[in-house]
Amino acid sequence: MMKKPLSMNRSEKLFAEAQKYIPGGVNSPVRSFRSVGGRPFVASHGKGPYLFDVDGNRYIDLVGSWGALIHGHSHPRIVQAIRSALEKGSSFGVSCELEYRLCEKIVRSVPSLEMVRLVNSGTEACISAARLARAYTGRSLILKFNGHFHGHGDSFLVAAGSGLATLGMSDSAGVTKETSSQTLVAEFNSIESIQNLFKKHGHEVAGVILEVVSGNMGVVLPEMDFLRELRHLCTQHGSVLIFDEVMTGFRLSMAGAQGIYMIQPDLSCFGKVIGAGLPVAAYGGRKEIMEKVAPVGPMYQSGTLSGNPLGAAAGLAALEIIEEDDNSFFQGLDHSTSHWANAMRSHIEYKSYPVSVAQIGSMMTMFFCPDVPLNFKEAKMADLERFKAFFWGLLERGVYYPPSQFESCFLSSQHVSSVMEQVTEASIEALDEAFEGPN
Ligand code: PMP
């Protein structure tokens, strides 16, 4: 695969100017490429599996707007759906039929949902779900997991990594001690960790929130016994179990990760795929709990643009395209992703590199540590310098891999086998270069 030094003159110029009026020149921190060093490219447009920058470079996009683009960039059906909706108006301030249809489709697709409410971002969905868990139980504490990300709501900006974090040490300036003391942090996949916290605080835990399949520390899969025990503890103690399926919802199956692991949460959060690149997210669950939401119940949550017709049209089109494929849609995605994953595993074994590959469906992470991590502590043992070299090696070969070790790749239905062959070839070369230097 041809490696070429990237010309990024215009990107660099735009980014330098943007830093004068936007913090760090970005509207969301990971876009700054700080974790891989160097400067980010600035997008000009996207088509299918490709993303183009303002200097005319073309990249095979493995990020897919962080999971939103399950049909790739500017899919004609989605573009058309948005266009038709736009011609009738961009926002009404009252309900419209499109948003009703999207809600109905979401509820019908996920067996644990009886009702759903649309919001505008995954952050909003998770904040609302936590508030609802508190409203429903009349309790204060939220339990989350080390390394899991649920957007930037104050209660969730608490990480662990040490025993102290379990007591609620904040990860972001500006979050008060009072707020972070209401968040408990457990270790993912550790039954002991959740049993201990429930033993001590069980009667105060309003809700437990987790990424069933985690994508925000790289892809980390759950162990079945751990999920079962978590469900059991929540039921036993009357705590609301919240699955954050912002990444996994409608990506791993129509019923999300819960449809694969067959564990029912009380509430779920969605985002990304259900908006097909427009700002749509949702939270939903059992009717008894959802009826605590205003105007039926006392938990207040609202949004000027919630249920926006453009977002609803885009999301609806995205879900319809998936459904038309008669269950083979997700198999197809899994096939192309696992093909790449297996090719990498063979090469890693052949060369004895200390690298491991975690994959489920269209989500995949190459960890620069010998064993696939089970939790954030293990993920953090990855060799970040080698990861950086790998990232830039791929970019120079025209493949845009997530610019952080602690993220997942998200493939789309447009990543057909000829595209994935190029990704595999480039990944092998970039890996060799990261370990053996340029040849
Ligand atoms: N939950 C999870 C699991 C996520 O991955 C994200 C974003 N990557 C969020 C919540 C927050 O979503 P948003 O960026 O739309 O606010």
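The rules behind these values
Residues numbered from 1 in each chain as written. Predicted model: local features only at pLDDT ≥ 70, side-chain atom pairs only at ≥ 80, totals over all residues. Heavy atoms only, no water. Helix = DSSP H or I, 4+ residues; strand = E, 2+ residues; numbered from the N terminus. Rg over C-alpha atoms; globule rule 2.2 N^0.38 Å. Buried < 20%, exposed > 50% of the residue type's maximum accessible area, 1.4 Å probe, protein only. Contact = heavy atoms within 4.5 Å. Areas by Shrake-Rupley, 256 points an atom, 1.4 Å probe, with all protein chains shown as cover. Lys, Arg positive; Asp, Glu negative; His and termini not counted. Charge placed at Lys NZ, Arg CZ, Asp CG, Glu CD. Core = buried A, V, L, I, M, F, W, Y, C linked by side-chain atoms within 4.5 Å. Domains from an automatic or database assignment. Buried area = accessible area lost by both parts, 1.4 Å probe. Salt bridge = Lys/Arg side-chain N within 4 Å of Asp/Glu carboxyl O. Pairing = 2+ DSSP bridges. Axes fitted to C-alpha atoms, helices over the stretch in contact; angles between N-to-C directions. Polar contact = N/O pair within 3.5 Å; in protein donor to acceptor, adjacent residues only side chain to side chain.

Turning our eyes to something else, we now look at the overall build of the protein chain. What the protein chain contains, in helices and strands, is 16 helices and 14 strands. At 21 Å, the protein chain has a C-alpha radius of gyration in line with the 22 Å of a compact globule built from 439 residues. Projecting the C-alpha coordinates of the protein chain onto the three principal axes gives extents of approximately 60 × 55 × 50 Å. When the 439 residues of the protein chain are sorted by exposure, 56% land in the buried category. Restricting to contacts in the protein chain with at least 6 residues of sequence separation, those with at least 24 account for 72%. Entry remark: accessible area of the protein chain is about 18,900 Å², with carbon and sulfur atoms responsible for 52%. A gap of 5 Å separates the mean positions of the 38 positive and 45 negative side-chain charges of the protein chain.

A few words now on the nonpolar core. Across soluble globular proteins, nonpolar side chains have a tendency to be buried as a group. With 40 residues, the main nonpolar core has Leu 62, Trp 340, Met 366, Phe 390, Tyr 400, Tyr 401 and Leu 431 as its most contacted residues. Mapped onto this core, the elements with two or more residues apiece are strand S2 (50-53), strand S3 (58-61), helix H13 (328-351), strand S12 (363-367), helix H15 (384-396), strand S13 (399-400) and helix H16 (417-436). Once you skip the residues sitting within four places of it in the chain, Trp 340 turns out to touch Leu 62, Met 364, Tyr 401, Cys 409, Leu 411, Met 420, Val 423, Thr 424 and Ser 427. Leu 141, Leu 184, Val 208 and Val 212 belong to the second largest nonpolar core, which has 39 residues in total.

Here we take up the domain arrangement of the protein chain. Domain boundaries in the protein chain define domain 1 (9-74 + 326-436) and domain 2 (76-323). Centre-to-centre, using C-alpha coordinates, domain 1 lies 25 Å away from domain 2. Contact with domain 1, which involves 33 residues of that partner, is made by 34 residues of domain 2. Overall, the association of domain 1 and domain 2 removes approximately 2,700 Å² of surface from exposure, summing both partners, and the carbon and sulfur fraction of that is 65%. On the surface where domain 1 and domain 2 come into contact, there are 1 salt bridge. Among the ionic pairs, Glu 187 bridges to Lys 377, the shortest N-O distance being 3.9 Å.

Per the stated rule, a full pass over the model turns up 20 salt bridges. For Glu 385, the salt bridge goes to Lys 388, with nearest N and O atoms at 3.2 Å. Here the residue Glu 385 and the residue Lys 388 both occupy positions in helix H15, the gap between them amounting to 3 residues, near one helical turn. The exposure class assigned to Glu 385 is exposed, which follows from its relative accessible area of 53%. Judged by its relative accessible area of 24%, Lys 388 falls in the partly exposed class.

Working definition: the strands of a sheet are paired by backbone hydrogen bonds and lie parallel or antiparallel to each other. Across the sheet, which stays open at both edges, the 7 strands sit in the order S4-S10-S9-S8-S7-S5-S6 with mixed pairing between neighbours. Across the chains shown, the open sheet's two edge strands, defined by having one partner strand only, are strand S4 (115-119) and strand S6 (183-186). Averaged over all pairs of adjacent strands, the angle between their axes in this sheet comes to 20°, without regard to strand direction. In this structure, strand S5 (residues 141-145) lies alongside strand S7 (residues 205-210), joined through 3 bridges in parallel fashion. Counterpart to Ile 142 in the pairing with S7 is Gly 207.

Quick look at the side chain of Gln 405 now. In this structure, Gln 405 sits in the loop between S13 and strand S14 (409-410). Here Phe 368 takes part through its backbone nitrogen, which lies 3.0 Å from a polar atom of the side chain of Gln 405. Sequence-distant contacts of Gln 405, defined by excluding residues within four places in its chain, comprise Gly 218, Thr 365, Met 366, Phe 367, Phe 368, Ala 382, Leu 384 and Phe 387.

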